[in-house]
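# Commentary on secondary and tertiary structure
Listed here are the chains, written in short residue letters.
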Amino acid sequence: MPQKRDTLPRLSVFKAFFLAVLFAIATYMVVVIVGLMVYPPLPALMESLTSPEILFAIRLSLITSIISTTLCVVAAIPVAYSLARFSFPGRRFINTIFNIPLALPPLVAGVALLIFYGPSTFGQMLSAAGLDIIYTPLGIIVAQFFVNLPYMVRVTRSAFESINTRYEHVARTLGCTEWGAFRQVTLPLARGGIAAGLVITWSKSIGEFGAVLMLAGATQMKTETLPIALFLNISTGDLDLAIAASVILIVISVASLLIFERYTDGRGIF
């Protein structure tokens with residue numbers, strides 16, 4: 001009786017090497033992150049999570065991130081649609097402008113915002129009108145909006161570009177106005193991408209640190225978002241509160257990424 005041949009593909013040295021590096025680095029990342037979450041005893045972690053300071057940071061982070069993300073969505077939709085559909089002079093330059101904050105360190109963006117809303121003429125006019133941006137919760141919203149709007153624009157633009165323009169043309173031939181075709185055809189088709197952009201923008205807003213630190217400062221129980229709470233407590237040696245803020249940010253990041261992957265089907269945007 002002939003011996004049955006092994007049908008399993010053989011693992012080459014090349015493939016084994018790359019897979020070994022892949023799983024080694026993935027394991028390293030998981031161990032580091034999980035190690036942070038399980039480091040404090042559970043009672044100490046729960047006590048820190050329910051402390052007044054962390055609860056204040058959670059509340060402020062949620063309020064500011066929801067407002068800034070809403071503003072990002074409202075601003076990003078017309079900007080992204082214009083870049084995806086219209087041809088106009090300077091289009092490439094404007095696209096570059098919206099890409100600059102993606103590579104710009106948040107601290108630099110924060111310093112630029114600090115100058116703009118501080119000693120500049122515009123900042124002095126706002127101050128004279130009684131509208132204070134610097135070192136206030138409003139500054140948190142401004143910083144989050146400035147830094148994260150380009151991400152929302154990029155995701156939304158990708159969603160619009162994935163829609164065949166023929167659908168809009170058909171809607172126009174059936175009697176729709178430009179606004180009608182956009183509202184009834186384009187927006188519904190792009191809702192998955194817009195939802196993905198909303199989630200990832202909100203996640204980045206709630207975790208924004210550098211620009212917020214520069215513009216709004218790090219005042220305990222006033223401009224103390226979760227990243228600021230982490231920074232303040234790690235600076236003073238209160239490791240339990242710092243870890244509590246870290247755990248919340250990790251949970252938010254993981255949940256946001258899972259939702260983002262769900263709406264984008266694993267497709268990258270950058």
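Below, the structure is looked at part by part. (Residues numbered from 1 in each chain as written. Predicted model: local features only at pLDDT ≥ 70, side-chain atom pairs only at ≥ 80, totals over all residues. Heavy atoms only, no water.)

## Some remarks on the packing of helix 4 (residues 91-103) against helix 7 (residues 137-161)
What counts, and what does not: Throughout, an axis means a line fitted to C-alpha atoms (over the contacting stretch in the case of helices), and angles, computed between N-to-C directions, take values from 0 to 180 degrees. Helix and strand definitions follow DSSP, with helices as H or I runs of at least four residues and strands as E runs of at least two, each counted in order from the N terminus. An angle counts as roughly parallel when it lies under 35 degrees, as roughly antiparallel when it exceeds 145, as roughly perpendicular when it falls between 65 and 115, and as oblique in every other case. By convention the crossing between two helices is left-handed if the near helix lies anticlockwise of the far one by an angle smaller than a right angle, and right-handed if it lies clockwise. Here, two residues are considered to be in contact whenever any of their heavy atoms come within 4.5 Å of each other.
For the pair helix 4 and helix 7, the least separation of the axes is 7 Å and the interaxial angle reads 125 degrees. Comparing the axis directions of helix 4 and helix 7 gives the class oblique. Like other packed secondary-structure pairs, helix 4 and helix 7 cross with a definite hand, here left-handed. Packed against helix 4, whose contacting residues are R91, N95, F98, N99, P101 and L102, the element helix 7 presents L149, P150, Y151, V153, R154 and R157 at the interface.

## As for the packing of aromatic side chains
Selection rule: Pairing of aromatic side chains here covers Phe, Tyr and the six-membered ring of Trp, requires ring centres within 6.5 Å, and sorts the geometry by plane angle: under 30 degrees stacked, over 60 edge-to-face, intermediate tilted. Buried residues are those whose accessible area, probed at 1.4 Å on protein chains only, stays under 20% of the maximum for their type, while exposed residues exceed 50% and partly exposed ones sit between those limits. Our definition puts a charge over a ring when NZ of Lys or CZ of Arg is within 6 Å of the ring centre and also within 35 degrees of the ring normal.
Enumeration according to the criterion identifies 10 aromatic pairs in this entry. Aromatic pair Y81 and F86: ring centres 5.5 Å apart, planes at 80 degrees, arrangement edge-to-face. Residue Y81 is classed as buried on the basis of its relative accessible area of 14%. Among the residues examined, F86 registers a relative accessible area of 41% and is labelled partly exposed. For the ring pair F209 and F231, a centre distance of 5.4 Å and an interplane angle of 55 degrees mean the geometry is tilted. In this pair, F209 is assigned in the loop between helix 9 (178-206) and helix 10 (210-216) and F231 in helix 11 (residues 226-236), connecting sequence segments 22 residues apart. Assessed through its relative accessible area of 33%, F231 is described here as partly exposed. By the ring-pair criterion, three or more aromatic residues cluster together here, those being Y81, F86, F160 and F182. One residue, K204, lies across the ring of Y151, its end atom 4.3 Å from the ring centre.

## A look at the layout of surface pockets
Under the convention used in this document: A pocket here means an open set of points on a 1 Å grid, computed over the protein atoms alone, that has protein on both sides within 12 Å along at least five of seven lines. A cavity is instead a set of points where a 1.4 Å probe fits but cannot get out; residues with an atom within 4 Å of a point line either one. Grid points are joined across faces, edges and corners, and a volume is the space filled by probe spheres set on the points. Charged means Asp, Glu, Lys or Arg here, nonpolar means Ala, Val, Leu, Ile, Met, Phe, Trp, Tyr, Cys or Pro, and polar covers whatever is left, Gly included.
Roughly 360 Å³ of internal volume is contained in the largest pocket. Considering the residues around the largest pocket, the lining is formed by 14 residues, among which Y81, F86, E168, E178 and F182 are closest to the centre. At the level of secondary structure, the elements contributing two or more residues to the lining of the largest pocket comprise helix 3 (52-85), helix 8 (165-173) and helix 9. Top contributing element to the lining of the largest pocket by residue count: helix 9, with five residues. Residues that form the lining of the largest pocket fall into these classes: seven nonpolar, three polar and four charged.

## A short note on the nonpolar core
For clarity, the cut-off: As used in this record, nonpolar core signifies buried Ala, Val, Leu, Ile, Met, Phe, Trp, Tyr and Cys residues forming a set joined through side-chain atoms within 4.5 Å.
L113, Y117, I133, V142, A143, V212 and L215 are the most contacted members of the largest nonpolar core, which has 18 residues in total. Of all the elements in the fold, those that place two or more residues in this core are helix 3, helix 5 (106-117), helix 7, helix 10 and helix 11. Sorting elements by how many residues they give to this core places helix 10 first, with five residues. Setting aside chain neighbours within four positions, we find V142 in contact with L113, Y117, I133 and L215. Residues Y81, L83, A84 and L149 belong to the second largest nonpolar core, which totals 17 residues.

## Observations concerning a nonpolar patch on the surface
Put simply, the rule is: Excluding any residue in a salt bridge, patches collect residues exceeding 30% relative accessible area, merging like charges within 9 Å and nonpolar Val, Leu, Ile, Met, Phe, Trp and Tyr side chains within 5 Å. Each accessible area is a Shrake-Rupley result for a 1.4 Å probe, and residues are judged covered by the shown protein chains and nothing else. We define a salt bridge as a contact between a side-chain nitrogen of Lys or Arg and a carboxyl oxygen of Asp or Glu at a distance within 4 Å.
Together, F14, F17, F18, V21, I25, Y28, M29, V32 and I33 make up an exposed nonpolar region whose accessible area comes to about 950 Å². Here V21 shows up in helix 1 (residues 13-38).

## Some thoughts on the packing of helix 8 against helix 9
One way to put it is that helix 8 packs onto helix 9 with a least axis distance of 9 Å and a crossing angle of 140 degrees. As summarised for this structure, helix 8 and helix 9 are arranged oblique, according to the angle between their axes. For the crossing formed where helix 8 meets helix 9, the hand is right-handed. Two secondary-structure elements touch here, helix 8 through Y167, E168, A171 and R172 and helix 9 through E178, A181, V185, T186 and L189. Residue classes in the contact of helix 8 with helix 9 are distributed as five nonpolar, one polar and three charged.

These figures capture arrangement, not role.
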